[in-house]
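Fold and contact review
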Amino acid sequence: MEKGVVSGGIRKKSLPWLMLSPFLILVFVFYFLPVVLIAVNAFTGMDSALEWNFIGLSNFKKMLLDPNIIEIFKNTFIYVFFTLLINVFFGLALGLLTTYFIQKENIGLLFRTIWMLPRISPPVVYVLLWLWFLDPSPYGVLNSLRALMDLPPGEWLTSHPKTAIILANGMIGASFGMIIFSSAIKSIPTDLFQAAKVDGASQWSIIKDIILPAIRWPLMFVTMWQLLSLLTSYEYILLLTGGGPGVESEVLALYSYHKAFESFEYGYGSAISLVLVFVALILCFILWKVFGMEKMMGASKVE
């Protein structure tokens, strides 16, 4: 009897690990293992010969002497900061518009579906639309609008490359925030809104005192998620400007890609990626403290 109880207890304890094992294997193979390989490769001089010749901190010393690295760090900060503002605040505005201000569910759902189309489209198609919009010829959308006002066409991707990549990434990133915030706002009891309106609360008071405190957790989640995504993603920049002209729109993630897969400096590219990992960890720690996530994840004081 005791053996049956013990074996049943063991099976009960091992069942969660058994169910999670496929997911844990995928995380280890596609997330943890690549980070380990990058960390090891950052201390090698691996090039097109694919030889693991360890050179210590030489790649990091080379990074300090890289004439482009300061401008690339500056580009990364500007790109992440302003794109994150669009992703979070514009996504919040879309969520409020389609969930709170537009009361008819069908209209709000239609608006959210239309705004989600770029996200479910292939990146190449999405970037092609931006290339058409910013086309330097008189047939580009923006230049066609300028022609209506008798203004000359502009070379937008060469004169304002940072603005182009910020807008392109910001608009598509806002759709993610829109979905999260819309779901969070819908979960707020309608009695709170009705009571506030009876008390004569303004729309701004309802947003400030009811909606924003209620969606604080989704707000923090979207901020941290989008921060990490922007630090490591580069596909839209690669397709839109290629990091140019020069290095005016080059960011750390794209610079790592260029060094590893175009210049075949795999060791140096891995070193840049490793630095990017530490930058992401530092920024996450700062946001963790700023948002006070320890209090939110702690046990409730109400019994």
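Residues numbered from 1 in each chain as written. Predicted model: local features only at pLDDT ≥ 70, side-chain atom pairs only at ≥ 80, totals over all residues. Heavy atoms only, no water.

1. A word on the packing of aromatic side chains
Put simply, the test is: The pairing test for Phe, Tyr and Trp rings, Trp by its six-membered ring, is centres within 6.5 Å, and the orientation test on the planes gives stacked under 30 degrees, edge-to-face over 60, and tilted for anything in between. Numbering goes from the N terminus for both helices and strands, where a helix is a DSSP run of H or I of at least four residues and a strand is a run of E of at least two. When accessible area is computed with a 1.4 Å probe and restricted to protein chains, residues below 20% of their type maximum are described as buried, those above 50% as exposed, and intermediate ones as partly exposed. Throughout this description, the term charge over a ring refers to an Arg CZ or Lys NZ atom that lies within 6 Å of the ring centre and within 35 degrees of the ring normal.
Under the criterion given, the structure shown has 17 aromatic pairs. Centre to centre, the rings of Phe 176 and Phe 221 are 6.3 Å apart; their planes meet at 50°, and the pair counts as tilted. One end of the pair, Phe 176, is in helix H8 (residues 161–186); the other, Phe 221, is in helix H11 (residues 216–232), and 45 residues separate them in sequence. Judged by centre distance (6.3 Å) and plane angle (70°), the rings of Phe 264 and Tyr 266 are edge-to-face. Given the relative accessible area of 40%, Phe 264 is considered partly exposed. Above the ring of Tyr 268, the side-chain terminus of Lys 62 is found at 4.6 Å from the ring centroid.

2. Describing the pattern of salt bridges
Rule in force here: Just to be clear on terms, a salt bridge is a Lys or Arg side-chain nitrogen sitting within 4 Å of an Asp or Glu carboxyl oxygen.
Overall, the coordinates contain three salt bridges when judged by the stated rule. Across the pair Lys 62 and Glu 265 runs a salt bridge whose closest N-O atoms are separated by 2.4 Å. Of this pair, Lys 62 sits in helix H2 (residues 58–65) while Glu 265 sits in the loop between helix H13 (252–261) and helix H14 (266–291), and the two are 203 residues apart along the sequence. The closest approach of N and O atoms between Lys 259 and Glu 265, which form a salt bridge, is 3.9 Å. Among the ionic contacts, a cluster of salt bridges with common partners joins Lys 62, Lys 259 and Glu 265.

3. Observations regarding the UniProt feature "transmembrane region" (unreviewed entry) in the chain
The criterion, for reference: UniProt positions are given in the numbering used here, feature names are shortened, and annotations may be inferred rather than shown by experiment.
In the UniProt entry, the feature "transmembrane region" (unreviewed entry) is given for residues 20–43, 77–102, 114–133, 164–185, 206–228 and 266–288. Between the end C-alpha atoms of residues 20–43 there is a gap of 34 Å, over a span that is 92% helix and 0% strand.

4. A look at the environment of Tyr 236
Spelled out, the test is: Whether two residues are in contact is decided by their heavy atoms: any pair within 4.5 Å suffices.
Inspection of the secondary structure puts Tyr 236 in helix H12 (residues 235–240). Residues Tyr 236 and Ala 214, 22 residues apart in the sequence, show an inter-C-alpha distance of 33 Å. Apart from the residues lying within four places of it in its own chain, the contact partners of Tyr 236 are Pro 123, Tyr 126, Val 127, Asn 169 and Ile 172.

5. Digging into the UniProt feature "domain: ABC transmembrane type-1" (unreviewed entry) in the chain
What UniProt calls "domain: ABC transmembrane type-1" (unreviewed entry) maps, in this numbering, to residues 73–287. Measuring from the first to the last C-alpha atom of residues 73–287 gives 19 Å, for a span that is 79% helix and 0% strand.

6. Digging into the side chain of Thr 241
Heads up, the rule is: In the analysis that follows, any N or O atom pair within 3.5 Å is treated as a polar contact, provided that within protein one partner can donate a hydrogen and the other can accept it, and provided that, for residues neighboring in sequence, both atoms belong to side chains.
On the secondary structure map, Thr 241 appears in the loop between H12 and H13. Looking at Thr 241, the relative accessible area reads 18%, which means it is buried. Of note is the side chain of Thr 241, whose polar atom sits 2.7 Å from the side chain of Ser 249.

7. A closer look at the layout of surface pockets
Threshold: A pocket here means an open set of points on a 1 Å grid, computed over the protein atoms alone, that has protein on both sides within 12 Å along at least five of seven lines. A cavity is instead a set of points where a 1.4 Å probe fits but cannot get out; residues with an atom within 4 Å of a point line either one. Grid points are joined across faces, edges and corners, and a volume is the space filled by probe spheres set on the points. The residue classification treats Ala, Val, Leu, Ile, Met, Phe, Trp, Tyr, Cys and Pro as nonpolar and Asp, Glu, Lys and Arg as charged. All others, Gly included, are polar.
If you add up the space inside the largest pocket, you get close to 1000 Å³. If you trace the largest pocket, you find 27 residues lining it, with Tyr 31, Val 35, Leu 228, Thr 232 and Val 277 closest to the centre. Mapped onto the lining of the largest pocket, the elements with two or more residues apiece are helix H1 (2–41), H11, H13 and H14. Among the elements that line the lining of the largest pocket, the one with the most residues is H14, at 10 residues. Of the residues assigned to the lining of the largest pocket, the class counts are 21 nonpolar, six polar and no charged. What the second largest pocket holds in volume is close to 480 Å³. As for the second largest pocket, its lining consists of 21 residues, and the residues nearest its centre are Val 80, Phe 81, Leu 84, Leu 227 and Leu 283. Elements supplying a minimum of two residues to the lining of the second largest pocket: helix H3 (69–101), H11 and H14.

8. Quick notes on the packing of H3 against helix H10 (residues 203–214)
Defined as follows: Where helices are involved, their axes are fitted lines through C-alpha atoms of the stretch in contact, as for all axes, and angles between N-to-C directions lie from 0 to 180°. Angles below 35 degrees are treated as roughly parallel, those above 145 as roughly antiparallel, those between 65 and 115 as roughly perpendicular, and all remaining angles as oblique.
Interhelical geometry of H3 versus H10 gives an angle of 105° and a closest axis separation of 13 Å. Here H3 is positioned roughly perpendicular relative to H10, judged by the angle of their axes. Side by side, H3 and H10 meet where Leu 92, Leu 96, Tyr 100 and Phe 101 of the first sit next to Gln 203, Ile 206, Ile 207, Ile 211 and Leu 212 of the second. For the contact of H3 with H10, the per-class residue count stands at eight nonpolar, one polar and no charged.

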